Amino acid sequence: MKHSSNRSASTAPPGSGWRAPPWTFRTRPATRPERLLRWVLRRRRLLAALLLCAAAALAVQQLTPGAPATTSVLVAARDLPAGHSLGPADLVAAAVSPSMVPDGVLHTGMAWLGRQMSGPARRGQVMTDASLLGTELLIGAPAGSQAVPLRLTDPSTVQLLRQGQLVNVVLSSSKGLDGPTSNQVLATSVPVVWTPALAKSGGGLLPSQETDGLVVVAATAEQAVLLAGASARGKIFLVLVS
C-alpha cells in the first residue's frame, strides 16, 4: 500500500498541489561565448558597416603614395636682372625633388651675398654657381675652354648680344691706308659669356665706363691664341649665328 501511494503522488496532475523540481522549468544560464554571439547577432548590421569602413580606409592608405623625398635649395624670390648684386631677400629656400637638383646648386648659406648675377633669373628659378659672375663664367663649357675679352670696332653690336649667343669673330685688316682690306675668320660659333649689360657702376668685372664695346667669349686654346690682341691687328666684328 505504501508503494502504491508514492506512485500515485508522482503522477498527480499539476493542479493537485504537487510541485515539480525547481530546475525543470528554469532556463539554463548562458555561457560567455553564447552571450557574445547574441550580442553580435543583435548588432550585425552596425558591425558590418564598421568593417566596411575599416576596409575602405585600409585600401585608401595602401593606395595613397608616401611623401616624396625632397632637398632644400635656393631659388630666386623674384625676377632678378643680369648684373644684380644679390641681397638677403633675393633668394629663398625651397624644397624640390632630388632628381631636379642641378650640379652646382646653391644651398642654404650666405656665401652668395653680394655676388652679381651673370644673367637674368625668373622667380622660382633654382640658382646655381653658373648664375653668378666670376670663375663660373666657363661652367658648362667644354674642358680647356678659355674666356677671351674682345673689344669690338662697332660698340652698338653688343646691344644685340645675350649670354649664350653664338658668334663668329671676324678680323678685318688692311695693308696701309689705301691698301686692300682682307677679312679673316678667327673663331666660329663661340658662345658669348659676358656683355656690358652685366657691368654695374662702381663694381662688376670692370668699371662701367671701360666696358664700351667689350664682350667676353669662351674659346678653345687654339682660338684663344688667334683672338688675343686681335683688335691691335685690325677691326673686330661679330657675326651672329644660330
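Residues numbered from 1 in each chain as written. Predicted model: local features only at pLDDT ≥ 70, side-chain atom pairs only at ≥ 80, totals over all residues. Heavy atoms only, no water.

## Notes on the overall build of the protein
Then comes step 1: Within the protein, the secondary structure is distributed over four helices and seven strands.
Then comes step 2: When the elements of the protein are put in sequence order from the N terminus, they spell out α-α-α-β-β-β-β-β-β-α-β.
Then comes step 3: Counting all 242 residues of the protein, 26% fall into the buried class.
Then comes step 4: Considering only intrachain contacts with a sequence separation of at least 6, the fraction spanning at least 24 residues in the protein is 64%. (Helix = DSSP H or I, 4+ residues; strand = E, 2+ residues; numbered from the N terminus. Buried < 20%, exposed > 50% of the residue type's maximum accessible area, 1.4 Å probe, protein only. Contact = heavy atoms within 4.5 Å.)

## Section: the layout of surface pockets
Then comes step 1: In this structure, the largest pocket occupies an estimated 330 Å³ of space.
Then comes step 2: Around the largest pocket sit 25 residues that line it, and Leu137, Leu138, Ile139, Ala141 and Val193 are the ones nearest its centre.
Then comes step 3: Residue assignment for the lining of the largest pocket shows that the elements contributing at least two residues are strand E5 (181–194) and strand E6 (214–219).
Then comes step 4: No other element matches the four residues that E5 contributes to the lining of the largest pocket.
Then comes step 5: Residues of the lining of the largest pocket, tallied by class, amount to 14 nonpolar, 10 polar and one charged.
Then comes step 6: Lining the second largest pocket are 13 residues; nearest its centre among them are Leu161, Arg162, Gln163, Thr195 and Ala197.
Then comes step 7: A per-class count over the lining of the second largest pocket returns seven nonpolar, five polar and one charged. (1 Å grid on protein atoms, 1.4 Å probe; cavity = no way out; pocket = protein on both sides within 12 Å on 5 of 7 lines; lining within 4 Å. Points joined across faces, edges and corners; volume = space filled by probe spheres on them. Nonpolar A, V, L, I, M, F, W, Y, C, P; charged D, E, K, R; others polar.)

## A short note on the nonpolar core
Then comes step 1: Counting residues in hydrophobic clusters, the biggest one holds 20 residues, and the most contacted among them are Leu150, Val169, Val217, Leu227 and Leu238.
Then comes step 2: Broken down by secondary-structure element, the contributors of at least two residues to this core are strand E3 (146–151), strand E4 (166–174), E5, E6, helix H4 (221–227) and strand E7 (235–241).
Then comes step 3: For this core, the leading source of residues is E5, giving four residues.
Then comes step 4: Counting residues in each nonpolar core, the second largest holds 11 residues, with Leu74, Leu91, Ala121 and Met127 among its members. (Core = buried A, V, L, I, M, F, W, Y, C linked by side-chain atoms within 4.5 Å.)

## Re the side chain of Asp90
Then comes step 1: Of note, Asp90 is situated in the loop between strand E1 (71–76) and strand E2 (91–96).
Then comes step 2: Among the polar contacts made by the side chain of Asp90, one reaches the side chain of Arg78 at a distance of 3.0 Å. (Polar contact = N/O pair within 3.5 Å; in protein donor to acceptor, adjacent residues only side chain to side chain.)

## Remarks on the confidence of the model for the protein
Then comes step 1: The predicted model of the protein averages 80 in pLDDT, with 81% of residues at 70 or higher.
Then comes step 2: The secondary structure element of the protein with the lowest average pLDDT is helix H1 (residues 2–10), at 48, and the one with the highest is E7, at 93. (pLDDT = per-residue confidence, 0-100.)

## Side note on the sheet that holds E4
Then comes step 1: Judged by pairing direction, the sheet is antiparallel, and its five strands sit side by side in the order E3-E6-E5-E4-E7 without closing on themselves. The sheet is open, and its two borders are formed by E3 and E7, each paired with just one other strand. When strand polarity is set aside, the average angle formed by the axes of neighbouring strands in this sheet is 45 degrees.
Then comes step 2: Direction of pairing for E4 relative to E7: antiparallel, over a ladder of seven bridges. (Pairing = 2+ DSSP bridges. Axes fitted to C-alpha atoms, helices over the stretch in contact; angles between N-to-C directions.)

## Overview of the pattern of salt bridges
Then comes step 1: Tallied over the entire structure, the rule returns two salt bridges.
Then comes step 2: A salt bridge links Arg78 to Asp90; the nearest nitrogen and oxygen atoms lie 3.0 Å apart. Residue Arg78 is found in the loop between E1 and E2, and its partner Asp90 is found in the loop between E1 and E2; the two are separated by 12 residues along the sequence.
Then comes step 3: Close ionic contact of Arg122 with Asp79 constitutes a salt bridge, the shortest N to O distance being 3.1 Å. Taken together, the positions of Arg122 in the loop between E2 and E3 and Asp79 in the loop between E1 and E2 put the pair 43 residues apart, joining distant regions of the chain.
Then comes step 4: Looking at Arg122, the relative accessible area reads 60%, which means it is exposed. (Salt bridge = Lys/Arg side-chain N within 4 Å of Asp/Glu carboxyl O.)

## Here we look at the pairing of E4
Then comes step 1: The pairing of E4 with E5 spans eight bridges and is antiparallel. Paired with Leu171 across the bridge in E5 is Gln184.

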